[in-house]
Structures are given as structure tokens and as C-alpha cells.
Amino acid sequence: MLKFFFFNAVHLSGTKYGCGVGGCGACTVMISTYDPVTKHRPANSCLFPICSLHGAAVTTVEEVGSIKPRIHTIQERLAKCNGSQCGFCTPGKVMSIYALLRNHAEPSMEKIIAALDGRFQTVNWLVIGAACCLAQLRDILMKAVPKLAEEKTKIYQAFLQHLRTLAGEQMRSMASLGGHIVSRASTRELNPISSVGKSVLNLASEDGKRQILLNDQFLAGCEHADLKAKEVIVSVLIPYSMKDDFISAFRQAESQKNALSIVNSGMRILFSPGTDTIVDLSILYGGIGSTILSARKSCEKLIGRQWNDQMLNEACRLVLEEIFLPPSALGRKVEYRRTLLVSFLFRFYLEVLHGSDNIALTSPSLQYPFRCAELSQEKMSALGMLQSGIAQGVQIYQLRCVCRQPPQDPVGRPIMHQSGIKHTTGEEVYIDDIRPVDGELSLALVTNIKAHTKIMSINASEALQVPGVVDVVTARDVPGENGKDEQAYAEDKVFLASGGVVCVGQIICAVVAVKIVYEDLEPILTIEVTICLLFNNRFRILELEYLLDHRREDKEMDVYVSTQHATDVQVKQTLNLQYNKIMCHMKCVGGAFGGKITKPLLFAVIAAVAANKTGHAVCFALERNMDMLITGRWHPFFGKYKVGFMNDGRIRAADFQCYINGGCTKDEFESVSPSLIPLIGQCIYILNLLVRGHACKTNLPSNTAFRGFEFPQAGLFVETCIVAVATQTDLPHEKVREINMYKRVNLTSFKEKFDAENLWKCWEECLDKPDYYSKKKGIAIIPMKFSVGFNATYFHQVTSSNQSLVHIYIDGSVLVTHGGIELGQGIHTKMSHRELKIPLSYIHLCETSTTTVTSGKYTAGSTGTEINARAVQDVCQILWKHLDPIQRDNPNGKWEDWISEGHKQSTSLSATGYFKGYVTNMNQDTEKGHAFPYFRFGVSCSENIGTDIVMDACFTINPAIDIGQIEGAFIQGVGLYTLEEIFFSPEGEQLTLGPDTYKIPAICDIPEQFCVYLLPNSCNSIAIYSSKGVGEARFFLGSSVFFAIQDAVAAARKERGLPMDFTPNSPLTVERICMACDDVFTEMVRLFSSLL
Ligand SMILES: Cc1cc2nc3c(=O)[nH]c(=O)nc-3n(C[C@H](O)[C@H](O)[C@H](O)COP(=O)(O)OP(=O)(O)OC[C@H]3O[C@@H](n4cnc5c(N)ncnc54)[C@H](O)[C@@H]3O)c2cc1C
Ligand code: FES
């Protein structure tokens, strides 16, 4: 594939590799061909075969612009407007926009959004070359439709409807119409429409040419209707629709765009002229079975019937009978998919009624097909197209820079991310971009394929015979301890399994094709068989690679790793080496969010063992599916509550029972479950509170404390209780929240004193913004109180000793290193350059490394910046003490003069700085002590078109970066609470292992109106420069979208007189929303199922 050619053959590393299956867009390049219609198109280089590039030119991000000689305007604007965070997929975005601009000098906003979502020629209007890509097909149809009589274009319009949402622009630019048709998979959405539209395939082979129908039998793969061996599709004839035709296309996916459909359909009907009598009817469904299915028998039975409500009822019954989905059907969501079968039918029924009514009104002379009574407003509302508008963002913050602040002082200014330009040019070097060293070996993992087994033997002989295989690394090759790292939570973690194996995905050995003989043991997969999971999400990190270079001299080892915790990846115990022999280097990490705290240890250790055994450098990069299989996810959470409350909504007592699915090893759940207790209080004061946390061991991969350290789960749980109390008392939700919220100076349930004034300021400000009280349904306002850091001083000692190192060179330039790792959160940009009182251009921040900072802890808990900044502040103050006498002797001198003089006088121009960390010392048993350094507050209000966030960020060090973090965390939260669902088979095998099955938010999921407002005039005496850590907390605010949807569902249920005590689970996906609404279609499907 093209992507590998760039790296291996022409040594270009600007194009990144995120998923390898066309789902993320990180690898986008521009392909240019000579074609009068489209000259340039974006394409996923991870899926682009080099052999298909004959006659084409390829442009990568390096060609668009680089720091030398010049960057392109797109790159400059993206960087300067803070359009990147970790920057890993930014080159892909640049390429998408670049390809768009090469085709359209002034693209519309719609085109820009479409571009960011994610050979042939035409013979005449209606015959499309089979090699034509889907983007070309769309462009052709868009030009053709306005030129044709409307009645001829119904099928083309149905095509266009799908082509707006089908995959991303890169994929549409690559996938050919012929490939789409021939692959015939059930999710190929253009096929049902092509079939109902009676398309014809023009075939050719050495035996000659012929035509076949693209009908249901072709799509089902029936031999008599199929291509013969060696036959190819040359072109596809898509006929005009007829005057009497009605054709519609439907799809429902997890997400509006760039997601395979759950069910799709094409429907066509023909009436006897002037009547509503059905003459011909075709209905095809995709997404139900392995191929596209036709409701042929149902359609035949309906011929001759009139188009009315009775016919619709009969049609629904017939379709449900014919398109049968057994409860165990592939793809799950059985009841939902059945519901979609009939709800598409209902919508088609309405569309036909409405369409014929329109024709009758606008062209009475046509007298066709019939005129029905005008549709009720309620039915008309079902015909509305859900189409999001152009997203608009507003960011409001107070600049604290007072006139006395020197111009070189960056604190409080919206300064561009220091790597912003490198992100957009692709010049930022992630681990995967490091060039291979001589003799470097690649490593692949062999993982367990059964949930609970015992390894009887490992036979590597076959693998060792495969050409290129050098060795196979198993538990026997670990010279030191195979697990049991110093961290409490890694206690039972074994790096390479040798005996019992406890989940699918557990690592058995490194390298390939090893025969493993198993003895089956009984797996436990869920917290309780009867308990359904409230949470079932994982996180997504695009970049996760490790490279290990082994130096044989003096048994030193260099580890280049993508981690949030360098000390953890020191592989001392495993190799029986001293820490001073292991050098860990972290230049920049492509996103992490907690997922790269403990897991990288596992991978680094295996690579280290392999390097130790083979004596070669070892490179190890996880493929996306392997990453998703091994690294775990947010802890699935199940909560039970008992709440005592008054009629006015005041909660007097609560008993919360929390269960988290910890998976097969302790990993992080030992530290996560005690955290639940302080986190669960959220913003409400409960006089009598009992919280019990249970960590459950199951035969699933162990999990990790992703952004928020269980707060996203605990917060949602508590807010769910509030909604339940509001429902029971029939009070508005916000009133119940207000009456229970902490007021003024308070003690939390764990006796931590805090002032709730800023929480209330955020609340009131947010209530004002979207004109909250005028909205009746589908709205939610959610407050947040989140603690910074960890409830243990040990974890805060990010800077426990020697945590920053500053060198001043004799030309006055300065090199700063500190213990914080750049994860895209802008930590290097935010470091306290203020202290040296010199322009930013003098300062360089290099990699984070255990050679400069020896015992750093996690860059996590939203404290990375403030704690490392304190250490840098400390070292700068030490250096100023060294320079003080020199400056006093020459007060009018410049920085360079003082440094030069300092050098002459043998003054030390290097120093180390230190910050002990915040003191937190809560004793869980006595409930005494100080649990957290301080709290952050925020409120978010979401309704159907927009979200307003008010945050108490105090005096932010860099508002541009902080607001980016707030927006990013919010959208990530929306993904957690509404999209990111994970499934396991009954055997414990994870079924959601890539972007096609696991959906994360895309550009279409950004609120149409998105306003972030930082509370002005707020101070924080604890953190450096009166700032407050941002990052994790805002994530929970994404739950306002969850509760807004819940509110809309409640309104729908109320209208139907259904009970209001329903509890939607997270993620509140389209399936769960539909099933929670419990409408006539879900009812019909349940009734039908019960009769089977
Ligand atoms: C990330 C991603 C997202 C997607 N999302 C969607 C979506 O939302 N909706 C949707 O409907 N589809 C989606 N698709 C599928 C996509 O639309 C294409 O159908 C698919 O990629 C196949 O097209 P291709 O050109 O890559 O075919 P190929 O893989 O090149 O071909 C498929 C098969 O057809 C054969 N073939 C190709 N051309 C001819 C010909 N002219 N004559 C005879 N045989 C031929 C090939 O030999 C091969 O066996 C997605 C695909 C990806 C990778
Ligand atoms: S790496 Fe190619 S699309 Fe993700």
C-alpha cells in the first residue's frame, strides 16, 4: 500500500498511520489524474495499492509545505488558529483541505465540512463507467440532475442522498462503482437503489459482451444471475425514473456520516395511472443478513392493493415475516433492526402520500397518481430531513495581561501550540516516524483467543520456519520478573502468559504462527449475568507505538516509547538491569488520555525482552485492532441507588452501590474504586451518604482509567439519580439540581472544605445563555465539580526530585527539560517561560527523558502543567540567583551580556528544579485529611442545536490551548455517552475492534452552535499563576447531550402516556434512543416477536 511505500522506500514520514482501514483519515494524500471532471482527489494511502497509480501523481503533506522553505496557508491557518492538539492526524486534515482547494478555489462551507469528514470515464449521462469512483459519480449526478426533467431523476436523487453520507470523502474518492456493486456486501447502500431502479450491468470478457440486470438475484449471488468467471463490469446503466415512479432510499447508522449503515433500503412503487392502486413494488433491505435481501414475496402480495393505512399495516406484517432476523442474528441489534424495517416502510408510505399530493397540487393536469387528504402536522414532522447546519463556535475569555506585563511574558496569552506548525506540516516526529536502525527487527504479538484457558504447550517450530522469522519470545525468555511491577495496580499483571490465560487478547508470545494447545476453563464475562452494563465504552488513541533500541555495550538500553509515564516503562525488573542503564525517551505522544499510563509498560517490556534475547533493536507498533483488543477501555460501570428525598426535591439520604468491571487483572481498578467515593458526590450535598464500590474480576481484558479517572461514570450515575428524583417529584430537573447543589463555603461528604461560589456563577451564567427557560423539551443543564489530581501526595510528586533541568548556553539560548510529557495538551507551550524574562524565541523544549528527569510520575490528573511549571519556576529562580550579582554589576546590560559574563566568571548556567507536589493526605478509614488540592467547576447546557459551556478556568496560562482542551474533552465526552459502544461475543471475544464497528465523534457531531465561556475574574491561590488545570473534567460535560436526549425521549414517552421511570444506559446510541421511545413500531415488532 502507498503509505508503506512513503516510509520504507522514499523515507517520507509526514503521512501518518492511524487505523489502516480507511476509517481515520490520518494517511490522506492527494491523487491527481488527468480527467476533465476531477483532477485531484483525496485518498487514504493505507488502502491505496501502488499498482493503481499508473499515470497518476501523488502529493503528500511534505509537498504542500514544510517549515523549510515555506509552509502553506492552510497549514499556517490551522496552526495559528489552534486547529491541532496532539497533531497526529493533522497532516491528513491538511491534505483533505488541500485537495478540495485544488479543485475548488472558493469552496462552500458544506464542501469544506464534507472534505473533512473523513478511472475511468462516463459514457453518457446514464451509463457510468464501472471504474468511476463514488465521488465522481456524485459530481456527475449533481451536474446531470438539474438539467433533466424532475420525474426522470428520482433514482439519481436517491443516489445523491446516500452519496452525501456514504463513508468519507477520501473513501468516496477511492471506492469504484464496480467494486461497490460486485462486493455485494449487505452494507453497500447504492445496491438496493440500483436494483429497485432496474439498473443494468454491461459486462465484457474474452468471450464477448452481454448485459445482466442488477436485481435482487444478482445481489443474492444466484449463479444464473451472476457474472461469469473472467467477466468484468464495464459500465452500469442507471435508467431514468418514470413519471409514475416513486423511489426512496433510507439508511440508519450509528452516526450521521462516515459510518456503515445498520440498515439501509431502497424502495420503489408504481401506481396504476390516476389511482392509488399498486402496480409494481420493490423493497430491498441491506444490513439484515450477509447479503442484500428483497421483500419480493411481500411486494407480490401487495400488488393490486390501495395505498392506505390498512395496506401499510399489512405490508409491515408481511415484511416482518419475510425479512426474518433470528434473535442470534449476526450484527446484534435485532429488535432495533426489525423496527427499522417497518419504520422505513412507514416513512416511504408517507413520502409517497406527500409526493403524490404535491404533484396533484402543483400539476393538476397530470392527474397522477392520486390525491390524498392532506397529511397531519404530526405525520409531516416524520418527513423532516435531519440535516445539521454549519457548526459555529464562539470562545469568550478575559485576557488577564495587564498593561504592565512585559511583551515577552507569555502567561495568559493565546499563544499558538509550539508544535502547531510541525503538526500541520507532518514534521512532528512521533515514535512511528523514527527511522529504523541497522539490524532492527519488527515484533508482532500472539494473543490468546479464548476467554479462560490454560496453555498446555507453546510450539514455535512452525513459526521459526517462516522466512524472515528470527525468534519467538515467550515467558521463558524473561530474565527477571515476568510481571509484578512496583505499582500496586500492576500486581497481578503478567507480561507474557505461560500458564493460565484469563482473557481474549492476553499476550502469549511475540512473533507469529505459533501453535498453542488449550484446555478450556469456564469464562466469567460480566459483573453479574443478570446485570446489564450501564457503561460499556473504551477509549480511542490513534497513535500507539513503541520502539526499542538495544545497545549492547554496558548493557544499556534506549527505549523510545509513547507513554504518559516514563518511569513505568523502565524495564528494570524484567531484565534484571539497574534503572541507570535504561534510557526512556518521549518526544511527543499522539494523544493518551490515561490510556498510556500503565499499558505501555506491557509492550515496552516485551520489546525489551526480545531485544535482550536477539541482541537487535526491536521496533514494535500495535495495529489498531490489536491495540483495541489488548489495552482495555473505561471501566464498565453498573450502579444501584436508593435515595430518600422530600417533596421539594431535596435529597436527604442516599445509598450508592457501584460495580466496575475490572477485567482479568487488577491493572488500575484498585486505585480507581476508592476514587469513586469522593468523586460520586459531584455537585450535590447529601447529608447521609453511603457509597460502596465493588471491583469485579471477569475474563475480559483489564481496563484503564481513561480521562476523568472514573468521574465520567460516577458523575453520570449521580445525575441519573437527580433525573429520577425530578421525575418522581414532577419538578423541573434544574430545580432539583439547584436545591441539592452545594452552597457557599461547605464541607464535602469526605470533609473537604471548599467554596461553591464559582460553581453557582457558572450555573447562573449558563442558565442565562441559551434562554434556558424558553425551551420545553430536549434540553439539559449539567453542573460539574471535579477534583484536580489524585488523593495521594505520592501521585502529585510528578516533580518529586530533579524534575526540571535548565541549561543556559553561552549564546543566551536556553534548553528546558521537565518531567511532563507532551501529549498534545500543550504542556511544553505552557511551561513558565515568564520566569527567565526572555523572549520565547530563546527557549527550546526538548524531549522528556529519564536521562534528564529521573523519577517523574504520570503526566495525568490535569496537573501536569502546574506541577512541572512549578519545578521550572524553581529552577529559573535558582539560575537568577546565580546571575543576580552579574546583573547588579551591569543593570543596563542585555541577557546575552549577563550570560557571557557568567560564563567568564565560571557561574553555573545549569540547574535543576524541584516541586514537592501538592500535599494530599486523606485517610479513607478515618475520613480525615485533605483529599484533593482544589476543585474545578463548570456547567454545560445542551439542546438540539447547540451547547453552551461555562468554565471556571481561573487565570488560564494559555486560553487558546485551554479552550481547545475544553472543546475537545466535551466532544470526547459526547462520544462516550452517545456513541462508543463495545461488544463481546458470549465467548469473551471483542467484536468492536476498529473504526467500522466502533464509532467515535466526527466533525458532524460538533454542536451547531458551540459556545465556550471562561468565567472572568476568578482566582486560584493554589496553582501556579492563579490558573486551574484543565483537561479531564470537561469531559463529563458531554453528558449534557446524554441528558438532553433523555429529556427528549421522556417527552416522546409522555405524549404516548408511557411510564416515565425508564433508565437509559450509556452510551445512548441511536438504537437505545429508538427502543426507549417505545413507539408504534417497536411495539409492533415486540408484538410480532411474541407471536412467533
Ligand atoms: C472505511 C470505509 C467506509 C465505508 N463506508 C461505506 C458506507 O458507509 N456505505 C457503503 O455503502 N459502503 C461503504 N464502504 C464500501 C465502499 O463504498 C466500497 O463499496 C468498497 O470500498 C468497495 O469498493 P472498491 O472500489 O474498493 O472495490 P474493490 O475492493 O476494488 O473491489 C471489490 C470486489 O469487486 C471486484 N471488482 C471491482 N471492480 C470490478 C469490475 N469492474 N468488474 C468486476 N469485478 C470488479 C474486485 O475484484 C473485488 O473482488 C466503505 C468502505 C470503507 C473502506
Ligand atoms: S490510517 Fe488510513 S485511514 Fe486511518
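An unreviewed UniProt entry annotates the protein as Aldehyde oxidase of Buteo japonicus. Under the UniProt heading Sequence similarities (unreviewed entry), the note attached to the protein is "Belongs to the xanthine dehydrogenase family."

J.: Account for the site of ligand 1, with residues named and values stated.
T.: Every one of the 23 residues lining ligand 1 counts as a neighbour, but Ser 176, His 180, Thr 187, Glu 189 and Ile 233 are closest to it. At 3.2 Å, a backbone N or O of Ala 167 approaches an oxygen atom of ligand 1. With respect to ligand 1, the side chain of Arg 188 contributes an N or O atom lying 3.1 Å from an oxygen atom. The leading source of residues in the shell around ligand 1 is helix H9 (residues 177-183), at four residues.

J.: Now, about unusual backbone geometry: what can you tell me, with residues and values included?
T.: In the segment running from Lys 68 into Pro 69, the intervening peptide bond is cis, with an omega of 5 degrees. Here the residue pair Ser 1066 and Pro 1067 is connected by a cis peptide bond, since its omega of 0 degrees sits within 30 degrees of zero. Looking at the secondary structure, you find Pro 1067 in the loop between helix H31 (1039-1055) and helix H32 (1070-1077).

J.: I'd like a rundown of the packing of helix H13 (residues 309-322) against helix H33 (residues 1080-1091), residues and numbers included.
T.: Two elements in contact, H13 and H33, have axes whose closest approach is 11 Å; the angle formed by their N-to-C orientations is 55 degrees. Judged by the inter-axis angle, H13 sits oblique to H33. For H13 against H33, the interelement crossing comes out right-handed. Along the contact surface, H13 presents Asn 313, Cys 316, Arg 317, Leu 320 and Glu 321, while H33 presents Met 1084, Val 1085 and Phe 1088. Of the residues in the contact of H13 with H33, the class split is five nonpolar, one polar and two charged.

J.: Residue-level account of the sheet that holds strand S33 (residues 910-913), with values.
T.: The four strands are arranged S31-S30-S29-S33 in an open sheet whose pairing can be described as mixed. The two strands at the open ends of the sheet, each matched to only one other strand, are strand S31 (843-845) and S33. Direction aside, neighbouring strands of the sheet carry axes that sit 20 degrees apart on average. Relative to S31, strand S30 (residues 814-818) runs parallel, the two being bridged by three bridges. Opposite Val 814, over in S31, you have Ile 843 as the bridge partner. Against the sheet, helix H27 (residues 864-889) makes contact with strand S29 (804-808), S30 and S33, and its axis sits at roughly 145 degrees relative to S33, the strand it touches most.

J.: Tell me about the pairing of strand S23 (residues 637-645), and please be specific about residues and values.
T.: Sheet topology places S23 next to strand S24 (residues 651-663); nine bridges connect them, and they run antiparallel. For Phe 645, the partnering residue across the bridge sits in S24 and is Ile 651. Hairpin connection of S23 to S24: five residues between the antiparallel strands, including Gly 649 at a positive phi of 95 degrees.

J.: Now, about the nonpolar core: what can you tell me, with residues and values included?
T.: By size, the foremost hydrophobic cluster in this structure holds 63 residues, and its most contacted members are Phe 656, Ile 680, Met 784 and Phe 970. Looking at which element gives the most residues to this core, the answer is helix H22 (residues 711-729), with 10 residues. Judged by nonpolar contacts, the second largest core, of 46 residues, contains Leu 318, Leu 325, Tyr 336 and Leu 345.

J.: Quick one: what's the story with the sheet that holds strand S3 (residues 57-59), residue by residue and with numbers?
T.: On the basis of which strands lie adjacent, the open sheet formed by three strands has the order S2-S1-S3 and antiparallel pairing. The sheet terminates laterally at strand S2 (40-44) and S3, the two strands that pair on one side only. Across the sheet, the mean angle from the axis of one strand to that of its neighbour is 35 degrees, orientation sign disregarded. Taken together, the five bridges between strand S1 (residues 28-32) and S2 define a ladder with antiparallel strand orientation. Bridge pairing in S2 places Thr 28 opposite Asn 44. Along the sheet, helix H4 (residues 90-103) contacts S1, S2 and S3; its crossing angle with S1, the most-contacted strand, is approximately 25 degrees.

J.: Before we move on, could you go through the packing of aromatic side chains and cite the residues and values that matter?
T.: Enumeration according to the criterion identifies 32 aromatic pairs in this entry. An angle of 65 degrees between the planes, with centres 5.7 Å apart, marks the rings of Trp 880 and Trp 895 as edge-to-face. Taken together, the residues span a long stretch of sequence, with Trp 880 in helix H27 and Trp 895 in helix H28 (residues 895-904) at a distance of 15 residues. Given the relative accessible area of 7%, Trp 895 is considered buried. For the pair Tyr 977 and Phe 1035, a centre-to-centre distance of 6.5 Å together with 50 degrees between the ring planes defines the contact as tilted. Placement of the pair is Tyr 977 in helix H29 (residues 959-978) and Phe 1035 in helix H30 (residues 1034-1037), with a sequence separation of 58 residues. An identical accessibility class is assigned to Tyr 977 and Phe 1035; each is buried. Among the aromatic residues, those joined into a ring-pair cluster are Trp 634, Phe 711, Phe 786, Tyr 977, Phe 1035, Phe 1036, Phe 1042 and Phe 1043. One residue, Lys 785, lies across the ring of Phe 754, its end atom 5.5 Å from the ring centre.

Reading the values: the criteria
- All residue numbers refer to position in the chain's written sequence, counted from 1.
- Throughout, the order in which chains and ligands are written sets their labels, letters from A for the former and numbers from 1 for the latter.
- In keeping with the model being predicted, local features are shown solely for residues with a pLDDT of at least 70 and side-chain atom pairs are shown and tallied solely at 80 or more, while totals for entire chains, interfaces and linings include all residues.
- Side-chain metrics rest on all non-hydrogen atoms present in the structure, leaving aside hydrogens and water.
- UniProt positions are given in the numbering used here, feature names are shortened, and annotations may be inferred rather than shown by experiment.
- Near, as used in this document, describes a residue that has one of its heavy atoms within 4 Å of the molecule or strand being considered.
- We define a polar contact as two N or O atoms separated by no more than 3.5 Å, with the added condition that, inside protein, one atom must be a possible hydrogen donor and the other a possible acceptor, whereas residues neighbouring each other in sequence contribute only through side-chain atom pairs.
- Secondary structure elements follow DSSP: runs of H or I no shorter than four residues count as helices, runs of E no shorter than two count as strands, and numbering proceeds from the N terminus.
- Where helices are involved, their axes are fitted lines through C-alpha atoms of the stretch in contact, as for all axes, and angles between N-to-C directions lie from 0 to 180°.
- The scheme is simple: roughly parallel for angles under 35 degrees, roughly antiparallel for over 145, roughly perpendicular for 65 to 115, oblique for anything else.
- With the far helix as reference, a near helix turned anticlockwise by less than a right angle produces a left-handed crossing, and one turned clockwise produces a right-handed crossing.
- The contact definition used throughout considers only heavy atoms, calling two residues in contact when any of these lie within 4.5 Å.
- Note that Gly is not counted as nonpolar here; it falls among the polar residues with everything else outside the nonpolar set of Ala, Val, Leu, Ile, Met, Phe, Trp, Tyr, Cys and Pro and the charged set of Asp, Glu, Lys and Arg.
- By definition, two strands form a pair when at least two bridges between them are found by DSSP.
- In these notes, a set of buried Ala, Val, Leu, Ile, Met, Phe, Trp, Tyr and Cys residues joined through side-chain atoms within 4.5 Å is what counts as a nonpolar core.
- Exposed residues in this analysis have more than 50% of their type's maximum accessible area, buried residues have under 20%, and partly exposed residues fall in between, with area computed by a 1.4 Å probe over protein chains only.
- Note on ring pairs: Phe, Tyr and Trp rings are taken, using the six-membered ring of Trp, and paired if centres are within 6.5 Å. Classes follow the plane angle, with under 30 degrees stacked, over 60 edge-to-face and the rest tilted.
- Note on criteria: charge over ring means Lys NZ or Arg CZ within 6 Å of the ring centre, with the direction from the centre no more than 35 degrees off the ring normal.

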